[in-house]
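Breakdown of the fold
If you want the building blocks of each chain, they are given just below.
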Amino acid sequence: MTETDYRALDARYYMPAFGRERMLVKGEGSRVWDDQGNEFIDCVAGIAVCSTGHCHPHVVEAICRQAKELIHCSNLYYVPGQAELAQRLVEALGLGLHKAFFSNSGAEANEGAIKLARLATGRDRFVAFEHGFHGRTMASLAVTHKPAIREPFLPLEPRCDFVGYGDLEALKGAVTRSTAGVFVEPIQGEAGVIIPPNEFFRGVRDLCDDTGALMIVDEVQTGMGRTGTWLAIEQAEVAPDIVSLAKGIASGFPMGAILAREGLEFTRSQHGSTFAGGPLACAAAHATMDVIGEVLPLVAPKGERFRAALAAHSPRVRGLMIGLPVGEACAAVAAACAAEGVLVNCAADGNLRLVPPLVITDDEIDRVCDVLNRALAG
Ligand SMILES: Cc1ncc(COP(=O)(O)O)c(C=O)c1O
């Protein structure tokens, strides 16, 4: 089937919620190939999902091995690999996080965080930040700011007030003793890789302590080594009450998680999911953590390599999460890069976003920056 035929099939039978450009049919490491045989260095990586690269042999082997043993068994039983993964995450992530609960996506992880915060505080209001993104299910959408995706679904629950990202004064006015939780990303990814100073997060922590609201840190995009540490919030030396994870946790096998500090947990029947934390997802996540554990010390230096090579364009860099302010030319620059064999994507407000696999090599980084610099010059 040609790409044109496929487009027609998709248009006829699939709901058109995404704008799509090409069809990727194969991946290996940081490389992907489309159905025409064109090769690309993939700096989209499933939007920060394929952190171990595409089809990492260790991850593939773990999934295949588990698939031959037990694909699914229900959370009515102890699940092979599940408690070990929870232990591993608690130990790797640190920051006083005490227990985990798994989900199938980032939005579902944030749903869990909302439920947990409501249960723990007995309060039902939230505060989140302008341009923040926390998912598209109804409650995660309620704490997501972007009007275009939120407004068609008003009224949304829980009620949420939004303040400027980084604006502690505005936050002080919004967080009260009725606030169950403050949702915050350590770096706003969908907004275009916006990185506030560490003091901002310390201020959020203090305000939560003063009011009894929970600090809920959404690390769906920034977590699992993306910024050079297991969690990005670690770099601000702030301990959250709840952290949500997904994307990079299992190399593309659908999975999410929340981790919470001691004293915050669901009791029997308060939460659940048929598929979440199943044997295959846990096997994929264990193998993913093996690989990330090995490459983690290299993530920050690789980010610095990008920073140096793209210095002329004022990049915002934290590990391998990179934003470039490009403006109206963003889509044209992304298209020019694709024509030269590099995939990048446009986040909000004309910001080019690069979130390559954490295993990207120095040679690949040099090639990406060379292509980008030429596309930005033209
Ligand atoms: C910070 C953040 N939170 C939540 C989500 C939602 O995750 P999912 O698409 O897995 O539901 C995303 C997805 O882009 C995200 O970037």
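Relevant structure appears above.
Attention in this report is confined to the structure presented alongside it. Quantities reported herein were computed from a predicted structural model and do not represent experimental measurements. For every chain, the first residue of its written sequence is number 1, and the numbers climb from 1 along that sequence. Where totals are concerned, whole chains, interfaces and linings use all residues; where local detail is concerned, this predicted model gives features only for residues with pLDDT of at least 70, and gives and counts side-chain atom pairs only at 80 or more. With hydrogens and water excluded, all non-hydrogen atoms of the structure serve as input to the side-chain values.

Counting from the N terminus, the helices are DSSP H or I runs at least four residues long and the strands are E runs at least two residues long. Multiply 1.5 Å by the residue count of a helix minus one, and that product is the helix's expected span. For helix H9 (residues 198-211), spanning 14 residues, the distance from its first C-alpha to its last is 21 Å, which sits close to the expected 20 Å at 1.5 Å a residue. Any residue under 20% of the maximum accessible area for its type is buried, any over 50% is exposed, and the rest in between are partly exposed; the area is computed with a 1.4 Å probe on protein chains only. Phe200, Phe201, Gly203, Val204, Arg205, Leu207, Cys208 and Thr211 are the residues of H9 that are buried. Any pair of residues with heavy atoms lying within 4.5 Å of one another is described as a contacting pair. Against strand E5 (125-129), helix H8 (168-174), strand E7 (179-184) and strand E8 (214-218) lie the buried residues of H9. Among the residues trailing H9, glycine 212 stands out with phi positive, at a value near 80°.

So, on to the site of the ligand. Put simply, a residue is near a molecule or strand once any heavy atom of it comes within 4 Å of that molecule or strand. Taken together, 13 residues lie around the ligand, and Gly106, Ala107, Asp218, Gln221 and Lys247 are the ones closest in. In the analysis that follows, any N or O atom pair within 3.5 Å is treated as a polar contact, provided that within protein one partner can donate a hydrogen and the other can accept it, and provided that, for residues neighboring in sequence, both atoms belong to side chains. A distance of 3.4 Å is found between a nitrogen atom of the ligand and a backbone nitrogen or oxygen belonging to phenylalanine 133. Within the contact set of the ligand, an oxygen atom lies 2.7 Å away from a side-chain nitrogen or oxygen of glutamine 221. Here the Shrake-Rupley method, with its probe set to 1.4 Å, supplies the accessible areas, and only the displayed protein chains count as covering residues. Isolated, the ligand exposes 390 Å² of accessible area, and the fraction of that covered by the protein chains is 80%. Top contributing element to the shell around the ligand by residue count: helix H5 (residues 106-121), with three residues. Amino acids are sorted into nonpolar (Ala, Val, Leu, Ile, Met, Phe, Trp, Tyr, Cys and Pro), charged (Asp, Glu, Lys and Arg) and polar (every other residue, Gly among them). For the shell around the ligand, a count of residues per class yields three nonpolar, six polar and four charged.

So, on to the side chain of threonine 144. Looking at where threonine 144 falls in the secondary structure, it is placed in the loop between helix H6 (138-142) and helix H7 (147-150). A relative accessible area of 0% places threonine 144 in the buried class. A distance of 3.3 Å separates the side chain of threonine 144 from the backbone oxygen of glycine 135, its partner in a polar contact.

Strand-to-strand pairing in sheets goes through backbone hydrogen bonds, with the strands running parallel or antiparallel. In this scheme, strands are said to pair when DSSP sees at least two bridges between them. The antiparallel open sheet is built from four strands, whose spatial order is E11-E12-E15-E14. Each having just a single partner strand, strand E11 (316-318) and strand E14 (345-346) make up the two edges of the open sheet.

So, on to the state of the cysteines. Pairs of cysteine sulfur atoms within 2.5 Å are what we label disulfides. Applying the stated criterion across every chain yields a total of zero disulfides. The closest cysteine sulfur to the non-disulfide-bonded cysteine 73 is located on cysteine 282, 9.3 Å from its own sulfur. Cysteine 73 gets classed as buried once you look at its relative accessible area, which sits at 17%.

The term salt bridge refers to a pairing of a side-chain nitrogen on Lys or Arg with a carboxyl oxygen on Asp or Glu at a separation within 4 Å. Under the counting rule described, the total for this entry stands at 18 salt bridges. Linking glutamate 190 and arginine 353 is a salt bridge whose minimum nitrogen-to-oxygen distance equals 2.7 Å. Placement of the pair is glutamate 190 in the loop between E7 and H9 and arginine 353 in strand E15 (residues 351-354), with a sequence separation of 163 residues. A relative accessible area of 27% places glutamate 190 in the partly exposed class.

Time to look at unusual backbone geometry. Residue proline 155 follows leucine 154 across a cis peptide bond; omega there is 0°. Looking at the secondary structure, you find proline 155 in the loop between H7 and strand E6 (159-163). Residues glutamate 157 and proline 158 are joined by a peptide bond in cis, for which omega reads 0°. Relative to the helices and strands, proline 158 resides in the loop between H7 and E6. Of note, alanine 45 is a non-glycine position whose phi angle comes to about 50°, a positive value. Here alanine 45 lies in helix H2 (residues 45-48). Among the residues examined, alanine 45 registers a relative accessible area of 0% and is labelled buried. Phi angles above zero are rare outside glycine, and isoleucine 47 is one such case at about 55°. Following the sequence through the fold, isoleucine 47 ends up in helix H2. For isoleucine 47, a relative accessible area of 26% corresponds to the partly exposed category.

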